[in-house]
Amino acid sequence: MPSDIKYKRILLKLSGEALMGAADYGIDPKVISRLAREVIEVQKAGVQVGVVIGGGNIFRGEGLAASGMDRVTGDHMGMLATVMNALAMQDAIEKAGAYARVMSAIQIHDVCEDFIRRRAIRHLEKGRIVLFAAGTGNPFFTTDSAAALRAIEVGADLLLKATKVDGVYSADPKKDPTAQRYDKLSYAEVIQRNLQVMDTTAIALCRDNKIPLRVYDMGAAGGLLRIIKGEPVGTLVA
Ligand code: UDP
């Protein structure tokens, strides 16, 4: 690992919406290839990279249930949506010249590997970017919780949450001009103040397992590389 790189293994959480670009549904090919290039840049710098991708650009169980569908069925559809996003990211990464493996929490053998912890770690050690799909495999959970869980399971040094703003604010900076940005927060502060960082299950998992979380703006090019070099980009929750 080069001396300017501060982390050995990271886990990046990308929401499904991150893949939509300016559209309100689906995957924008330009956006996914840019994200793939950023992830590859970090992997080539010597960091092992796992990625959890959400599915909100296609289906969310809660939304489907609100229109009358059985919630568990809706959550299954949401989890399958994350598999589609992960397959698209695998394709984008491999087109850009790196290696990736989709590992799903739900068995879909014709399409991708199952999530098997020790095999995932082996892929990471070999420099393959591992795309953890289908969330936790259970309804009523989110891909934020899946990201915290996988980060802990594979022993990541840092969990990263890519967002559309440059960190965590006291209020929505797009609606409230007095909103204050935090450089650093404790897990307890995030939970007590109900700050919209990740859901409470994810934050509690990070807290109990002492894994730091950094929230950063995925729109700012090179942000990921700066973070792995130890620069204080965005907000640190630790
Ligand atoms: N989901 C689930 N269990 C999980 C992870 C996800 O049931 O462990 C379902 C849930 O319906 C969720 C959808 O998959 O709404 C998509 O995930 P999420 O909403 O976390 O995606 P994001 O908001 O990050 O795009």
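Residues numbered from 1 in each chain as written. Predicted model: local features only at pLDDT ≥ 70, side-chain atom pairs only at ≥ 80, totals over all residues.

As recorded by an unreviewed UniProt entry, the protein carries the name Uridylate kinase and is attributed to Tahibacter soli. The Pathway (unreviewed entry) comment attached to the protein in UniProt states, word for word, "Pyrimidine metabolism; CTP biosynthesis via de novo pathway; UDP from UMP (UMPK route): step 1/1." Quoted verbatim from the Sequence similarities (unreviewed entry) heading of the UniProt record, the comment on the protein is "Belongs to the UMP kinase family." (UniProt positions renumbered as here; feature names shortened; annotations may be inferred.)

K.L.:
Would you take a moment to explain the site of the ligand for this structure?
P.N.:
Lining the immediate surroundings of the ligand are 24 residues, of which Gly 54, Gly 56, Gly 61, Gly 78 and Gly 135 lie closest. Residue assignment for the shell around the ligand shows that the elements contributing at least two residues are α2 (61-66), α3 (71-95) and α5 (143-153). Considering every element that reaches the shell around the ligand, the biggest residue donor is α3, with six residues. (Near = placed C-beta within 6 Å. Helix = DSSP H or I, 4+ residues; strand = E, 2+ residues; numbered from the N terminus.)

K.L.:
Help me understand the UniProt feature "binding site: ATP" (unreviewed entry) in the protein in this model?
P.N.:
Mapped onto the present numbering, the UniProt feature "binding site: ATP" (unreviewed entry) falls at Lys 13, Leu 14, Ser 15, Gly 16, Gly 56, Arg 60, Thr 163, Tyr 169 and Asp 172. These residues run over 160 residues, and the two farthest C-alpha atoms among them are 25.2 Å apart, placing them at more than one spot. Mapped onto the elements, Leu 14 comes out in strand β1 (residues 9-14). Structurally, the position occupied by Ser 15 is in the loop between β1 and α1 (29-44). Setting aside chain neighbours within four positions, we find Ser 15 in contact with Gly 54 and Gly 56. (Contact = placed C-beta atoms within 7 Å.)

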